[in-house]
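# Geometric and topological summary
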Amino acid sequence: MEIKLYETIGDFAGNKDLARDIRVNKIIPSLEKGEEVILNFEGIESATQSFIHALISDVIRKKGVGVLDKVYFKNCNITIQKIIKIVTEYMQHHS
Amino acid sequence: MKIHLPNSAWIGNIDRFISSFDTSDESILEITSHKKWISVHPVVSCMIAGLVLFMKKQGKKISFKKMEARSKHYFKRIGLFDLLDLDSEMKITSHESAGRFIQITRITNSKELDDFIKEIIPLLHMEPDKFEPIRYILEELVRNVFEHAYSEEGAIVCAQYYQQSKTIRIGVVDIGIGIRESMSGAYPTKDDVEAISLALTPGITGTTRKIGGTEANAGAGLFFIKSLAKISRDFFMLYSGKGMYKLLKNPKHKPLKLIANPLEDHFSSKDKLPFWHGTVVAIDLCLERTLDFDAFLDLINKVYRKGRKDQTKKRYKRPKFI
């Protein structure tokens, strides 16, 4: 499943409530069906660490670190890539 | 309560302003001001606005002594009187606010925050890379209020850009439960300064005792913001309850290094200040000295990695970018 985040969150990813909705209603159900998930950041200029944490940390916590083999991050600019790296490493350290 | 707008109150000397705040009688709010000139950080205006909203909600009396200072028009322009429904008895010609300040704004939900951010981007006339840390700070601090403060008044925000020093000064205030109460579920603390220090430590959040936070909170938002001030060698201040933590300017001769423990930074703190019902955050950011945001993120990651270094040798899976 490919999730185009811009359609829901606009050009700045800061709203954690929306991140939670995407995680609960799209990411987790797709993974539970055995699908791969592509998070498409096209059109998004930046994000807060809190947003990325709310989007994926619980997925890593619940499914284990192996879930990163099934979740892809598409069209991320450098800033967003760095924030995702910080959050994923941080979660692996604390999981 | 009595609060006095002084001649000067910036983060560097804000201790005196806060110490003079008299909370002995909460049945009335008396606001007075310096007679000649008032020059204050935007956070001071936010605090006044917050106190008035707090008193109004409780139907208590507010006495605002007419301003005489020559700089009184500033407070009219930033919207203090309008927000408080107070008659300033001033007639001013509105100046173009672009490039100068963000009026005092009360933000109570995500929609208002999104609208606010959209409105201020053109006002500040900045290159996108310069605006990025400002947006980051506002997003994180205001959402902290929504999530943790339980403030019916929401977040009160004000900012001003000083072109000569190329510095933006931002204030975000709430009249909520305060940091100590917010942390108390997971981390009971002996005083407000200890609670503030924990809130500034990455990985610690009031929502869980588990290091690393919950699915909703990483416990890293305030650490990021303090770090932004540190890398631009500027001030950051957090005041809640009776406690205040102030990140002091990092001396120019000292190399820049981010540290996870806020008590190892160059800081000052006080723990017997007049009680503030909620949280006050102020930050200065010299946009010339601020690293580009990507370089800042590298430094943040370095802190996290250093923290992990001695604890584990395990290799981490990497996210797949396509």
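For the structure itself, consult the block above.
Basis of the calculations
- Residues numbered from 1 in each chain as written.
- Chains lettered and ligands numbered in written order.
- Predicted model: local features only at pLDDT ≥ 70, side-chain atom pairs only at ≥ 80, totals over all residues.
- Heavy atoms only, no water.
- Buried < 20%, exposed > 50% of the residue type's maximum accessible area, 1.4 Å probe, protein only.
- Helix = DSSP H or I, 4+ residues; strand = E, 2+ residues; numbered from the N terminus.
- Contact = heavy atoms within 4.5 Å.
- Polar contact = N/O pair within 3.5 Å; in protein donor to acceptor, adjacent residues only side chain to side chain.
- Pairing = 2+ DSSP bridges.
- Axes fitted to C-alpha atoms, helices over the stretch in contact; angles between N-to-C directions.
- Parallel < 35°, antiparallel > 145°, perpendicular 65-115°, else oblique.
- Left-handed = near helix turned anticlockwise from the far one by under 90°.
- Nonpolar A, V, L, I, M, F, W, Y, C, P; charged D, E, K, R; others polar.

## What to know about helix α8 (residues 192-199) of chain B
Residues and elements named next belong to chain B.
- Counting buried positions over the eight residues of α8 gives seven, a clear majority of the element.
- Three or more residues of α8 are buried, namely D192, V193, A195, I196, S197, L198 and A199.
- Looking at the buried residues of α8, the elements they touch are α7 (178-184), α9 (221-231), β9 (236-241), β10 (243-247) and β11 (267-270).
- The backbone nitrogen of V193 has a side-chain oxygen 3.2 Å away, supplied by the residue at the start of α8, namely D191.

## Some points on the pairing of strand β7 (residues 155-162) of chain B
Residue and element names in this part refer to chain B.
- Burial runs high along β7: eight of the eight residues are buried.
- Across the two faces of β7 the burial is the same, with A155, V157, A159 and Y161 and I156, C158, Q160 and Y162 all buried.
- Alignment of strand β6 (residues 101-107) against β7, held across five bridges, turns out to be antiparallel. Residue pairing across strands places I102 opposite A159, the latter belonging to β7.
- As paired elements, β7 and strand β8 (residues 167-174) share seven bridges and run antiparallel to each other. The residue bridging C158 from the neighbouring strand is G171, located in β8.
- Hairpin connection, β7 to β8: the antiparallel pair is bridged by four residues, and K166 has positive phi, about 55 degrees.

## A short note on the sheet that holds strand β5 (residues 71-74) of chain A
- Pairing within the open sheet is parallel, and its four strands lie in the order β1(A)-β3(A)-β5(A)-β13(B). The two strands at the open ends of the sheet, each matched to only one other strand, are β1 (2-4) of chain A together with β13 (320-321) of chain B.
- Relative to β13(B), β5(A) runs parallel, the two sharing two bridges. Note on β13(B): the bridge partner recorded for A:F73 is B:F321.
- In the packing of helix α2 (residues 16-32) of chain A onto the sheet, contacts are made with β1, β3 (37-40) and β5 of chain A, and the angle to β3(A) comes to roughly 145 degrees.

## Observations regarding the packing of α2(A) against helix α3 (residues 49-63) of chain A
Residues and elements named next belong to chain A.
- One can describe the packing of α2 onto α3 by two numbers: an axis separation of 8 Å at closest approach and a directional angle of 30 degrees. Comparing the axis directions of α2 and α3 gives the class roughly parallel. Regarding α2 and α3, the two cross each other, and that crossing is right-handed. For the pair formed by α2 and α3, the contact residues are K16, A19, R20, I22, R23, I27, I28, L31 and E32 on the first element and S50, F51, A54, L55, D58, V59 and K63 on the second.
- Taken together, the residues of the contact of α2 with α3 break down into nine nonpolar, one polar and six charged.

## Re the environment of B:E194
Residues and elements named next belong to chain B.
- Structurally, E194 is set in helix α8.
- The exposure class of E194 is partly exposed, given its relative accessible area of 30%.
- Put simply, E194 and S63 are 131 residues apart on the chain and 35 Å apart in space, counted from C-alpha to C-alpha.

## Let's talk about the sheet that holds β10(B)
Residue and element names in this part refer to chain B.
- Taken in spatial order, the seven strands of this open sheet run β6-β7-β8-β12-β9-β10-β11, and their pairing is antiparallel. Of all the strands in the sheet, just β6 and β11 have a single pairing partner and so form its edges. Ignoring which end each strand starts from, the neighbouring axes of this sheet average 10 degrees apart.
- As judged from the five bridges shared by β9 and β10, these two strands associate in the antiparallel manner. Among the inter-strand pairings, F236 is bridged to a residue of β10, identified as L247.
- Running over the sheet, helix α6 (residues 128-149) touches β6, β7, β8 and β12 (276-286) and is turned about 5 degrees from β8.
- Together, β9, β10 and β12 form the strand contacts of α9, whose direction differs from that of β12 by roughly 40 degrees.

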